[in-house]
Amino acid sequence: MIADRLRERIAQGGPISVAAFMTQALFDPSEGFYATKDPIGAGADFITAPEISQMFGELIGLWIAQSWLDMGKPDPLQLVELGPGRGTMLADALRACRAVPGLLPAIQVTLIEASAALKAVQAATLGPSGAQIRWIDRLENVPPGPSIIVGNEFLDCLPLRQAIRRDGRWHERLIGLDNSDSGEFVFVLGPPLGPDEALIPERLREAADNSLVELRPGDRQIVDLLSSRFADHPGRALLIDYGPAQSEPGDTLQAIRAHRKVPPLEQPGTADLTARVDFESLTGCARDGGLTAYGPVEQGPFLLGLGIEPRAAVLSQSKPGQRSVIARQVWRLTDEQQMGSLFKLVCFDSPGLATPPGFSAD
Ligand code: SAH
């Protein structure tokens, strides 16, 4: 079991970072939560926007189509999805893209996916689209050229680190074992962060003693890769996730199993582990890298602005028996108490492109 392997590792080498714990729990090749099974959907562990309704992916498809037109119809266009899950968003998006002449033949799809189990699901979901699809493990290996890059709930599962301020200094929060016979996982205070303090969100560096902050090196790495890619070729990225618009202190690591929150250190490998994305640091990092950054905008206003209501009306007309189901889907995706406010979108552009659909220039 992963828990046993983690215990052994800690017993031998001492406490490990939250990031190391998370990496093994989610991506251990033989037993990791993502590596081995398909956790997404109503009957599984958690549900995501594209799995709630086809309308989500269709509107993302229209967004992609408009962006392609704004970019001057590049052919070929590298269309990249980060962490495609079951492949549902892209299948719905590609169907919507059929409405735009020339777009589908120009698209070359690349999926960045760590999970062998989910790659198989993606192949099955996207087979009927007829698109050319390749899987690549890392963003830096996507073929060069103009690109549109999308990702829904990808950044939230990138391993994060945590730090706590004690007597004015930031210490890494680590995971060790307690003294019980079974050796349960517990949080412990580690050594000072030292130069890694630079990874603390700027707004939080002077937070009060005992504050806890989260460091997201994985997000930074993705934004840096976008910056270097978009410096050479026109490109636009749309990242959708949950988290606050401004950096906030606090422990947001959470574990979800079978749609329920469970303690994050309990039975690693059997629950999804995620943490809130810090959109303020993310956009700051994009700007530092020379990109034009838009947002974050909340998911509710974004989908309403892109026309989810007229789309729901058309769908309801073609499936009259589904009218109330469709209305409920719109509510789940857009209502402030549902996904409409906590989930947000940012868009990062190479310099010189028109303002992206659903965002404003200021
Ligand atoms: N976008 C999908 C799935 C979200 S779950 C949806 O909205 O339904 C997160 C996805 O990202 C999974 O497919 C997971 O396997 C993948 N993933 C997470 N970290 C990754 C990494 N470092 N490299 C590649 N894929 C990753």
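One numbering rule holds for all chains: residues counted from 1, following each sequence as written. Where totals are concerned, whole chains, interfaces and linings use all residues; where local detail is concerned, this predicted model gives features only for residues with pLDDT of at least 70, and gives and counts side-chain atom pairs only at 80 or more. Working from all heavy atoms in the structure, the side-chain values ignore hydrogens and water.

1. What about unusual backbone geometry?
This is how the line gets drawn: Under the DSSP-based scheme used, a helix requires at least four consecutive residues in state H or I and a strand at least two consecutive residues in state E, with every element numbered from the N terminus.
Here the amide bond leading from Asp 75 into Pro 76 is cis, since omega sits at 5°, within 30 degrees of zero. Relative to the helices and strands, Pro 76 is located in the loop between α5 (54-70) and β2 (77-82). Cis geometry marks the peptide bond from Gly 295 to Pro 296; its omega dihedral reads 5°. Relative to the elements of secondary structure, Pro 296 occurs in strand β14 (residues 292-298).

2. Digging into the packing of helix α9 (residues 217-232) against helix α10 (residues 279-288)
Definition in use: For every element, the axis is a line fit to its C-alpha atoms; helices are fit only across the contacting stretch, and the angle between N-to-C directions ranges from 0 to 180 degrees. The labels follow the angle: roughly parallel below 35 degrees, roughly antiparallel above 145, roughly perpendicular from 65 to 115, and oblique for the rest. Less than a right angle of anticlockwise turn of the near helix away from the far helix marks a crossing as left-handed, whereas a clockwise turn marks it as right-handed. Pairs of residues are marked as contacts when any of their non-hydrogen atoms sit within 4.5 Å.
Their axes nearest at 9 Å, the elements α9 and α10 cross at an angle of 30°. When the interaxial angle is binned, α9 and α10 end up roughly parallel. The way α9 lies across α10 gives a crossing that is right-handed. Listed contacts from α10 to Asp 219, Arg 220, Val 223, Asp 224 and Ser 227 of α9 are Leu 282, Cys 285 and Ala 286.

3. Side note on the site of the ligand
Our working rule: Here a residue is considered near a molecule or strand provided that any single heavy atom belonging to it is located within 4 Å of it. Identification of polar contacts relies on pairs of N or O atoms within 3.5 Å, with a donor-acceptor requirement for protein atoms, meaning one able to donate a hydrogen and the other able to accept it, and with residues adjacent in sequence counted only if both atoms are side-chain atoms. What sets the accessible areas is the Shrake-Rupley method with a 1.4 Å probe; for residues, cover comes only from the shown protein chains. For this classification, the nonpolar set comprises Ala, Val, Leu, Ile, Met, Phe, Trp, Tyr, Cys and Pro, the charged set comprises Asp, Glu, Lys and Arg, and every other residue, Gly included, is treated as polar.
Contacts to the ligand come from 19 residues, most closely from Phe 27, Thr 48, Gly 83, Glu 113 and Asn 152. Between the ligand and the protein, one listed contact pairs an oxygen atom with a side-chain N or O atom of Glu 113 at 2.5 Å. The backbone of Asn 152 places a nitrogen or oxygen atom 2.7 Å from a nitrogen atom of the ligand. Its free accessible area being 580 Å², the ligand has 92% of it covered by the protein chains. Taken together, the residues of the shell around the ligand break down into 12 nonpolar, five polar and two charged.

4. Looking at the packing of aromatic side chains
To keep things clear, this is the line we draw: Between 30 and 60 degrees the pair is tilted, below 30 it is stacked and above 60 it is edge-to-face, where a pair is any two Phe, Tyr or Trp rings, Trp via its six-membered ring, whose centres lie within 6.5 Å. For every residue, the accessible area (1.4 Å probe, protein chains only) is compared with the maximum for its type, and the residue is labelled buried under 20%, exposed over 50%, or partly exposed between those bounds.
Inspection of every chain in the model, using the stated rule, returns six aromatic pairs. Note on Phe 21 and Phe 185: the rings are 5.4 Å apart at their centroids and 75° apart in plane angle, and the pair reads as edge-to-face. Of this pair, Phe 21 sits in helix α2 (residues 18-27) while Phe 185 is found in strand β8 (residues 185-192), placing the two residues 164 residues apart along the sequence. Phe 185 shares its class with Phe 21; the two are buried. Summarising the aromatic geometry, the rings of Tyr 294 and Phe 359 are spaced 6.4 Å apart at their centres and angled 55° between planes, so their arrangement reads as tilted.

5. Focus on the domain arrangement of the protein chain
Selection criterion: Where a domain begins and ends is set by an automatic assignment or by a domain database. Any carboxyl oxygen of Asp or Glu that lies within 4 Å of a side-chain nitrogen of Lys or Arg is treated as forming a salt bridge with it.
The domains assigned to the protein chain are domain 1 (2-31 + 162-212) and domain 2 (33-159 + 216-243 + 278-349). If you average the C-alpha positions of domain 1 and of domain 2, the two centres end up 31 Å apart. On the side of domain 2, 13 residues touch domain 1, which itself brings 14 residues to the contact. Between domain 1 and domain 2 we count one salt bridge in total. Two residues, Glu 280 and Arg 203, come together in a salt bridge whose shortest N-O distance is 2.7 Å. Where domain 1 packs against domain 2, one counts four residue pairs in polar contact (both at pLDDT 80 or more). Residues of the side of domain 1 that touches domain 2, tallied by class, amount to nine nonpolar, two polar and three charged.

6. What about the pairing of strand β5 (residues 147-152)?
Remember that side chains alternate between the two faces of the sheet whenever the strand is regular. Short version of the rule: The criterion for strand pairing is that DSSP finds at least two bridges linking the strands in question.
Among the six residues of β5, six are classified as buried, and the element is accordingly described as predominantly covered. Side chains of β5 alternate between two faces, with Ser 147, Ile 149 and Gly 151 and Ile 148, Val 150 and Asn 152 buried alike. Note: β2 against β5, five bridges, orientation parallel. Its bridge partner being in β5, Leu 82 is matched across the sheet by Gly 151.

7. Some details on the nonpolar core
This is how the line gets drawn: What makes a nonpolar core is a set of buried Ala, Val, Leu, Ile, Met, Phe, Trp, Tyr and Cys residues whose side-chain atoms join them at distances within 4.5 Å.
With 47 residues, the main nonpolar core has Trp 63, Ile 64 and Ile 148 as its most contacted residues. With eight residues, α5 is the largest single contributor of residues to this core. Ile 148 has contacts with Trp 63, Ile 64, Ser 67, Trp 68, Met 71, Leu 77, Gln 78, Leu 79, Val 80 and Arg 236, leaving out every residue within four places of it along the chain. One finds Val 18, Ala 25, Ala 255 and Val 262 within the second-largest nonpolar core, a separate group that totals 28 residues.

8. What about the sheet that holds strand β11 (residues 254-257)?
A sheet is described by the order of its strands in space; here three strands give the open sequence β12-β11-β13, paired in antiparallel fashion. Every interior strand has two partners, whereas the edge strands, β12 (260-262) and β13 (272-274), have only one. Taking the axes of each pair of neighbouring strands and ignoring which way they run, one obtains an average angle of 40° across the sheet. As paired strands, β11 and β13 are joined by three bridges and run antiparallel to one another. Along β13, the bridge assignment pairs Ile 256 with Asp 272.

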